[in-house]
Amino acid sequence: MNAWPLWEVFVRSRRGLSHVHVGSLHAPDAELALRNARDVYTRRQEGVSLWVVPSSSIVASDPGERDAFFDPAEDKVYRHPTFYDVPEGVEHL
Amino acid sequence: MTTSCDYVLALADDALVSAQRMSWWISRAPELEEDVALANIGLDQLGQARALLTYAGALEGAGRTEDDLAYLRDDREFRNVWLVERPQPDFGVTIARLLMLATWQSELYAALVSSSDATLAGIAGKAVKEVAYHVDHARLWTLRLGDGTEVSHARMQAALESEWPHLEELFAPVDGAVVDPRSLRDRVMGRIEEVVVEATLSVPQVAPAIGGGRRGLHTEHLGHLLAEMQHLHRSHPGATW
């Protein structure tokens, strides 16, 4: 009975906020995945909107390539707004 | 006409006994997700039963609470239909029965919302949204099982055949009814048959079962269900969580 595919569930908790990944579940198809997500993840009024996505559709970065992916950003401090001094007297910044 | 205690008990007991049967599935459903879904549905029904039992107790005027009515009545005092009281260890039967009960409740509660009984209208206003989801759940499964494999189709058809004879009891007249059960028949049957046909199943041609739940006449199964449901409360009177 473990033939049901896996789905990732995203819940928007309030209007104006983004959908946030909350977990995964099994369901035979998209329609039932949405129903299951409602039952498993929004029983306590956690959300106003739900997305379900087949887990197989998610392309993830490889943990083994983490250094190549993320480390080069480490020494580029000028990408952070705090790198820049704001001159005295500049308005609307 | 004033609302009768028996009428409210009938609606309450349908919900209560169905909730108890639904709870059997907890830890037994084919997948964890379905386990949670059926438990949610059972809890919705239990919530409806509690509100209705409290109101029935008030109408009776003998000071009985929801717990008194749920835990201290014997089977002959229960007013639920036979549809909900028989065991449902088959998933197809569970879905067929839910489709029938929830569709009936959906029409019933919708009619009660605009009825002259303000208490029932209030209870129905909340319940009507809950049972809309129950109908949806039962419908989606009926479609998938009916239009699924040869085996699922055959089992879903068999489930419909076994439950169909018990549909008629839902429409039997009850004294002091706020919404005449007979007035719901066409719409309820129309909606159920629509789902059956959409699921590539056929509408069973079977004679109605005898029934008698509204008069306190039950199958042997209700006694066993009540024994389990009432055991704790009767062994430890006044026990609370």
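In this convention, every chain numbers its residues from 1, walking through the sequence in written order. Each chain is given a letter, starting from A, and each ligand a number, starting from 1, according to the order in which they appear as written. Per-residue local features of the predicted model are confined to residues with pLDDT of at least 70, and side-chain atom pairs are confined, for both listing and counting, to 80 or more; whole-chain, interface and lining totals are unaffected and use all residues.

## Thoughts on the overall build of chain A
- Summing up its helical and strand segments, chain A has two helices and three strands in all.
- Helix and strand assignments come from DSSP, with helices taken as H or I runs of at least 4 residues and strands as E runs of at least 2, each series counted from the N terminus. Ordered by position in the sequence, the α and β elements of chain A form the string β-β-α-β-α.
- Its C-alpha atoms give chain A principal-axis dimensions of roughly 65 × 35 × 15 Å.
- Counting the 93 residues in chain A, one finds 17% classified as buried.
- Note on contacts: residues are paired as contacts if their backbone-placed C-beta atoms lie within 7 Å. Across chain A, every contact between residues at least 6 apart in sequence was considered, and the portion connecting residues at least 24 apart equals 43%. With C-beta atoms placed from the backbone, the exposure class of a residue follows from how many other C-beta atoms lie within 10 Å of its own: 20 or more, buried; 12 or fewer, exposed; in between, partly exposed.

## Focus on the nonpolar core
All names here are of chain B.
- Throughout this description, the term nonpolar core refers to a group of buried Ala, Val, Leu, Ile, Met, Phe, Trp, Tyr and Cys residues whose C-beta atoms join them within 7 Å. If you look at the biggest cluster of nonpolar residues, it comprises 67 residues, and the most contacted ones within it are V8, A12, L52, A56, I95, L99 and M100.
- It is helix α5 (residues 91–113) that contributes the most residues to this core, 12 residues altogether.
- If we skip the residues at most four places from it in the chain, L52 touches V8, L11, A12, A15 and I123.

## Quick look at the confidence of the model for chain B
- Scored from 0 to 100, pLDDT records how confident the predictor is in each individual residue. The predicted model of chain B has a mean per-residue pLDDT of 96, with 100% of residues at 70 or higher.
- Reported confidences for the modelled complex are a pTM of 0.89 and an ipTM of 0.74.

## Description of helix α1 (residues 5–23) of chain B
- Between the first and last residue of a helix there are one fewer steps than residues, each counted as 1.5 Å, and that sum is the expected span. Between the first and last C-alpha of α1 of chain B there are 27 Å, a value that for 19 residues agrees with the 27 Å anticipated at 1.5 Å per step.
- Taken across its 19 residues, α1 of chain B has 16 buried, putting it largely inside the fold.

## A short note on α5 of chain B
- Here α5 of chain B contains 23 residues, and its C-alpha end-to-end distance of 32 Å stays within 8% of the 33 Å for a straight helix at 1.5 Å per residue.
- Counting buried positions along α5 of chain B yields 19 of 23 residues, so the element is predominantly enclosed.

## Some words on the interface of chain A and chain B
- Across the contact, 13 residues belong to chain A and nine residues belong to chain B.
- Going through the elements one at a time, β2 (20–26) and α1 (30–41) of chain A are the ones with two or more residues in the side of chain A that touches chain B.
- Looking at which element gives the most residues to the side of chain A that touches chain B, the answer is α1 of chain A, with six residues.
- Looking at the side of chain A that touches chain B residue by residue, the class counts come to seven nonpolar, two polar and four charged. Any residue that is not Ala, Val, Leu, Ile, Met, Phe, Trp, Tyr, Cys, Pro, Asp, Glu, Lys or Arg is counted as polar, Gly included; the first ten are nonpolar and the last four charged.

## As for the sheet that holds β2 of chain A
Residues and elements named next belong to chain A.
- The criterion for strand pairing is that DSSP finds at least two bridges linking the strands in question. In spatial order, the strands read β2-β1-β3; together these three strands make up an open sheet with antiparallel pairing. Each edge of the sheet is formed by a strand with only one pairing partner; in this case those strands are β2 and β3 (49–54). With strand direction ignored, the average angle separating the axes of adjacent strands in the sheet is 30 degrees.
- Sheet analysis places strand β1 (residues 6–12) next to β3, joined by six bridges and oriented antiparallel. Its bridge partner lying in β3, V11 is registered against L50.
- Comment: axis = line fitted to C-alpha atoms, over the contacting stretch for helices; angle = value between 0 and 180 degrees taken between N-to-C directions. Across the sheet, α1 lies against β1, β2 and β3, angled at about 130 degrees from β3, the strand it touches most.

## Focus: the packing of α5 of chain B against helix α7 (residues 150–163) of chain B
Residue and element names in this part refer to chain B.
- Packing of α5 against α7 brings their axes to within 8 Å, and their N-to-C directions diverge by 50 degrees. Classified by the interaxial angle, the pair formed by α5 and α7 is oblique. In the crossing of α5 with α7, the sense of the turn from one axis to the other is right-handed. Residues G92, V93, I95, A96, R97 and M100 of α5 form the contact with α7, whose participating residues are R155, M156, A158, A159, L160, S162 and E163.
- When its residues are assigned to classes, the contact of α5 with α7 shows eight nonpolar, two polar and three charged. Geometric relationships in this document are graded by angle, where less than 35 degrees denotes roughly parallel, more than 145 denotes roughly antiparallel, 65 to 115 denotes roughly perpendicular, and other angles denote oblique. Should the near helix be turned counterclockwise from the far one by less than a right angle, the crossing is left-handed, whereas a clockwise turn marks it as right-handed.

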